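Coordinate inspection notes
Residues per chain, in single letters:
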Amino acid sequence: MTASIDGEIRDGRHHMQVRVYFEDTDAGQIVYHANFLRFMERGRTNYLRLLGTSQQALLKEAENDAPGFAFVVRSITIDFLKPAVLDDLLDVVTVPQAVRGASVALLQECGRGDDLLVMARVRVAFISGGKAQRIPKSLRLAMEGLK
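Residues numbered from 1 in each chain as written. Predicted model: local features only at pLDDT ≥ 70, side-chain atom pairs only at ≥ 80, totals over all residues. Heavy atoms only, no water.

With that out of the way, let us pick up the pairing of strand β4 (residues 89-99). Counting buried positions along β4 yields eight of eleven residues, so the element is predominantly enclosed. As defined by bridge partners, strand β2 (residues 13-19) adjoins β4 across six bridges and the pair is classed as antiparallel. The residue of β4 that forms the bridge with glutamine 17 is aspartate 91. Of the pairings in the sheet, the one linking β4 to strand β5 (residues 103-112) comprises eight bridges and is antiparallel in character. Bridging from a neighbouring strand, valine 92 pairs with cysteine 110 of β5. Turn length for the β4-β5 hairpin, with the two strands adjacent in sequence and antiparallel, is three residues. (Buried < 20%, exposed > 50% of the residue type's maximum accessible area, 1.4 Å probe, protein only. Helix = DSSP H or I, 4+ residues; strand = E, 2+ residues; numbered from the N terminus. Pairing = 2+ DSSP bridges.)

Rendered as structure tokens:
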């Protein structure tokens, strides 16, 4: 694994490591289920960053075509397979599945070593003014190139 805090992209898959801290756990020192969503959000954000699309650059690029744009989670299906515990080192993997005009389907996994702990299918939409808008061409091409 790279020393980069943002992780790395290998074979079209974004890998990012996350350490489980006390604040991530419940009274039993098991990761609270909603915190996996936070870990996956960081994975998606860092994936975009490593595609060469910083959040700030994307804001500037898209502001002319789609004022007030945002990426929003449209849907998520998540399976909790095994628990993570205090001090675990997790690998959060993000894989683009389909890039459409205004949305992206992603597969995300959280694992510990060879154990798959959580798997999610996430659909992220690009919106502006409360309506779906086409994903900026440069970002769409970068994602499609990694599939």
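Let us now look at the nonpolar core. Counting 27 residues, the largest nonpolar core has Phe36, Phe39, Met40, Leu90, Val92 and Met143 as the members making the most contacts within it. Of all the secondary-structure elements, those providing two or more residues to this core are β2, α1 (33-50), β4, β5, β6 (115-128) and α3 (137-145). Considering every element that reaches this core, the biggest residue donor is β6, with six residues. Setting aside chain neighbours within four positions, we find leucine 90 in contact with Met16, Gln17, Val18, Val20, Phe36, Phe39, Ala84, Gly111, Arg112 and Leu117. (Core = buried A, V, L, I, M, F, W, Y, C linked by side-chain atoms within 4.5 Å. Contact = heavy atoms within 4.5 Å.)

Moving on, we get to the pattern of salt bridges. Summed over all chains, the structure comprises eight salt bridges. A salt bridge links glutamate 8 to arginine 10; its shortest N-O distance comes to 2.4 Å. In this structure, arginine 13 engages glutamate 109 in a salt bridge whose closest nitrogen and oxygen atoms are separated by 3.7 Å. Taken as a pair, arginine 13 in strand β2 and glutamate 109 in strand β5 lie far apart in primary sequence, 96 residues in all. Through salt bridges with shared partners, a single ionic network connects Lys82, Asp88, Arg112 and Asp115. (Salt bridge = Lys/Arg side-chain N within 4 Å of Asp/Glu carboxyl O.)

On to the packing of aromatic side chains, then. Overall, the coordinates contain three aromatic pairs when judged by the stated rule. A ring pair is formed by phenylalanine 36 and phenylalanine 39, whose centres lie 5.9 Å apart and whose planes are at 80°; its orientation type is edge-to-face. Highlighted residues: phenylalanine 36 and phenylalanine 39, both in helix α1, separated by three residues, approximately one helical turn. For the pair phenylalanine 36 and phenylalanine 39, a shared accessibility class is recorded, and that class is buried. (Phe/Tyr/Trp six-rings, centres within 6.5 Å; stacked < 30°, edge-to-face > 60°.)

Note that every value here comes from positions in space, so none of it alone points to a role or purpose.
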